[in-house]
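Residue-level listing of the chains:
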Amino acid sequence: QRYQRRVRKAVVSTQSTGEDEEEDEGSEESEEELEEEESDCYKDSDNYDVNFDAEEEAEQLRKFREACEDEEFPDEMDTPTDIAARVRFQKYRGLKSFRTSAWDPQENLPRDYSRISQIRNFNNVRKSLLRQSSTEKTVSPGTHVDIHIAEVPLAISSSTSSSITVFSLLPHEQRLSVQHVAQARHPLSTGVVKCKEQLLAQVGFRRYIVRPVFSQHTKSNKHKMERFMPLGGNFVASFYAPITLTNSPAVLFKVEGDGSVTLLSTGTLLSCDPDRVVCKRVVLSGHPHKIQKRAAVIRYLFHNREDIAYFKPVQVRTKHGRRGHIKEALGTHGHCKITFDKPIQQSDTVLLPLYKRVFPKWHFEYF
């Protein structure tokens, strides 16, 4: 029995050593494979920075920092000290309520609006034109048709590899207008895209280079501008483009330096309406200096008495939800007395929101 026990122990020990050797061999093989993969990834490490563009890298870093700051402190900025606030923000206005306050869409229009067309009652006109086009005689699918096209460029007619796509346009679709497309960011797109940056838009069968303005997708008569393309949720991109009457898919791309395109967002056509108001918001911030019941002395919001008198009709608010009105200026260094609906805290921040209507940047060319 003792002999049998010794034999069993010897067999178990030899089996364990064999398994350990196999595990060691497997781990050595896996380490060798990882080393080979790493060597393949960095085999051209000497030429890694050959195509490195320092200016482009600095620009990407600047936009990334601006996006992070805008996400942490949305639309906030310090009141400038080298120029009067009434001059710097002379195109802005204060609104008692962004949702319900009136804004005339026909005032202070840019000169670019003289180049575009507007369709009154866009939805009704679109339905009537689509109904009219459906009753016209068309060629049934599968029918052989010979089409003679005049004045074809020589580069296209002499090329045997390129194909020509023929399509028809509905009435008014050859005119330019302000086009709005509802978009959602693609999950694989994580880069920072700034407002009015040059992008490639494809709406239906037409593709063109544009500089869109991003805004929130809401049902209000005014829509807040987004400084950067949102990473989550829906938004609206507005740009100058030909009128499209049909319900068409819309896709936004970014054209890289080497000519390749990167998918940014997908969505559908929303409307072609130049009267859609997109407002840029700027928030000036100040801090309480002295508090006495519902009144408080605020500093750093302005820097001279003239600016206080200019912005006196604008309603102010705090981050904790208090609302107030400017009563009077104190001294000559921008301190002002503000009365709130309830007492505020010393750690609170006083905000003065201002709004200005923005328009897309004029840039249109077929891609």
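As a reminder, the structure under discussion sits directly above these lines.
A. Structural detail: the overall build of the protein chain. A count of helical and extended segments in the protein chain gives six helices and 16 strands. Buried residues in the protein chain amount to 34% of all 367 residues. In the protein chain, of all internal contacts separated by at least 6 residues, the share reaching a separation of at least 24 is 74%. Accessible surface, the protein chain as shown: approximately 24,200 Å² in total, 48% of it carbon and sulfur.

B. Representation of a nonpolar patch on the surface within the structure. A cluster of nonpolar side chains, namely Val139, Val145, Ile147, Ile149, Val152, Ile156, Ile164 and Val166, defines an oily patch on the protein surface of about 700 Å² accessible area. Structurally, Val166 is set in the loop between α5 (154-157) and β2 (176-185). The exposure class assigned to Val166 is exposed, which follows from its relative accessible area of 53%.

C. Representation of the packing of aromatic side chains. Under the criterion given, the structure shown has eleven aromatic pairs. Judged by centre distance (5.0 Å) and plane angle (80 degrees), the rings of Tyr310 and Phe311 are edge-to-face. Exposure remark for Tyr310: the relative accessible area of 41% places this residue in the partly exposed category. Using a relative accessible area of 3% as the deciding quantity, one classes Phe311 as buried.

Cut-offs applied
Residues numbered from 1 in each chain as written. Predicted model: local features only at pLDDT ≥ 70, side-chain atom pairs only at ≥ 80, totals over all residues. Heavy atoms only, no water. Helix = DSSP H or I, 4+ residues; strand = E, 2+ residues; numbered from the N terminus. Buried < 20%, exposed > 50% of the residue type's maximum accessible area, 1.4 Å probe, protein only. Contact = heavy atoms within 4.5 Å. Areas by Shrake-Rupley, 256 points an atom, 1.4 Å probe, with all protein chains shown as cover. Patch = residues over 30% accessible without salt bridge, like charges linked within 9 Å, V, L, I, M, F, W, Y side chains within 5 Å. Salt bridge = Lys/Arg side-chain N within 4 Å of Asp/Glu carboxyl O. Phe/Tyr/Trp six-rings, centres within 6.5 Å; stacked < 30°, edge-to-face > 60°.

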